[in-house]
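As a plain string of letters, each chain reads:
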Amino acid sequence: HPLTSQFITGGGYLVLTSQTSGIKAGDVGSKMNFGFNAKYNNKGTNLQGRVNVIIRRTETDGRHLYQVKVNNLQSLGVQYWNTTTSSWGAAPGGTCTYNASSTCPIKATFTGQASLQDVTNPNVPPVSLDGNASLQLDMIDYGEPGSTGPGPDQFAITVWNKSGNLWF
């Protein structure tokens, strides 16, 4: 049963490396901006939240901005480190609490239904490329930014189209 007081949230940007791939892979060296939040409602029955991602990609007709948005979250899984067993679990163990730290990371994965739009030209409505894509976001949080330890935080976004092909 999910803990209704627990949530995940974050935002910022990543500079894309050669690990970026897919039909609309961002340009290597470009910034991919992101923001997200996810939590269960007070009864613990309904997952709520949003994801917003901006990808910069050079096409044959110039540079494009693509936006991935998720308003329909489907699943959220959170795992906590246990310092006693040196393993992940449904609850923190040993010296760990529900707050991430350099010695007690927290791992989260969530999935949702996504839309992919070309938002290059702010003077025209966004051009929809896919309204039924799937998104998975995986992360490991090592606590406050700049903390010492095994970090840095880890973050991955994957978007597939309805045929299972990789958008990003």
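This is a predicted model, so every value here is computed, not measured. (Residues numbered from 1 in each chain as written. Predicted model: local features only at pLDDT ≥ 70, side-chain atom pairs only at ≥ 80, totals over all residues. Heavy atoms only, no water.)

Asker: A description of the packing of aromatic side chains should follow, citing residues and the corresponding values.
Answerer: What the rule picks out here adds up to six aromatic pairs. Relative to F36, the ring of F34 has its centre 6.2 Å away and its plane inclined at 15°; by these criteria the two rings are stacked. Here F34 falls in the buried class, since its relative accessible area comes to 13%. Taking relative accessible area as the criterion, F36 reaches 6% and is therefore assigned buried. Aromatic side chains F36 and F155 sit 5.7 Å apart centroid to centroid with 25° between the ring planes, which places their arrangement in the stacked category. In this pair, F36 sits in strand β2 (residues 31–40) while F155 sits in strand β8 (residues 154–160), placing the two residues 119 residues apart along the sequence. (Phe/Tyr/Trp six-rings, centres within 6.5 Å; stacked < 30°, edge-to-face > 60°. Buried < 20%, exposed > 50% of the residue type's maximum accessible area, 1.4 Å probe, protein only. Helix = DSSP H or I, 4+ residues; strand = E, 2+ residues; numbered from the N terminus.)

Asker: Lay out the pairing of strand β6 (residues 106–118) with the relevant residues and their values.
Answerer: In the sheet, strand β4 (residues 62–82) pairs with β6 via 13 bridges, with the strands oriented antiparallel. Note on β6: the bridge partner recorded for V70 is A114. Of the pairings in the sheet, the one linking β6 to strand β7 (residues 127–141) comprises 12 bridges and is antiparallel in character. Bridge assignment links K107 to a residue of β7, and that residue is I140. (Pairing = 2+ DSSP bridges.)

Asker: Can you tell me about the side chain of H64, naming the residues and giving the values?
Answerer: With respect to the element layout, H64 can be found in strand β4. Its relative accessible area of 11% is what places H64 among the buried residues. Within the structure, H64 has its side chain in polar contact with the side chain of D61 (distance 2.6 Å). For H64, the contacting residues outside a window of four places in its chain are I55, R56, R57, E59, D118 and T120. (Polar contact = N/O pair within 3.5 Å; in protein donor to acceptor, adjacent residues only side chain to side chain. Contact = heavy atoms within 4.5 Å.)

Asker: Report on the nonpolar core, specifying residues and quantitative values.
Answerer: Grouped together as the largest cluster of nonpolar side chains are 28 residues, with contacts concentrated most on V51, F110 and L135. Listed by contribution, the elements that provide at least two residues to this core are β2, β3 (47–59), β4, β6, β7 and β8. With residues near it in sequence (within four places) discarded, F110 still touches I8, F36, A38, V51, L73, S75, L76, L135, Q136, L137 and M139. (Core = buried A, V, L, I, M, F, W, Y, C linked by side-chain atoms within 4.5 Å.)

Asker: So what about the side chain of N161? Which residues, and what values?
Answerer: Note that N161 resides in the segment after β8. Judged by relative accessible area, N161 falls into the buried class, the value being 14%. Within the local environment of N161, its side chain forms a polar contact with the backbone nitrogen of S163, the two atoms lying 3.0 Å apart. Not counting residues within four places of it along the chain, the set of residues in contact with N161 comprises I23, D130 and W167.

Asker: Tell me about the environment of N132, and name the residues and values.
Answerer: Residue position: N132 is located in strand β7. Its relative accessible area of 37% is what places N132 among the partly exposed residues. Distance from N132 to W160, taken between C-alpha atoms, is 9.2 Å for residues 28 residues apart in sequence. When sequence neighbours within four positions are dropped, the list of residues in contact with N132 reads Q113, A114 and K162. In this structure the side chain of N132 is engaged in a polar contact, spanning 2.6 Å, whose partner is the side chain of Q113.

Asker: How would you explain unusual backbone geometry if you had to name every residue and give the values?
Answerer: Working note: non-glycine residues mostly have negative phi, and peptide bonds are mostly trans. Although it is not a glycine, S86 adopts a positive phi angle of roughly 50°. Along the chain, S86 falls in the loop between β4 and β5 (87–89). Residue S86 is classed as exposed on the basis of its relative accessible area, which comes to 51%.

Function-wise, these values are silent; they only describe arrangement.
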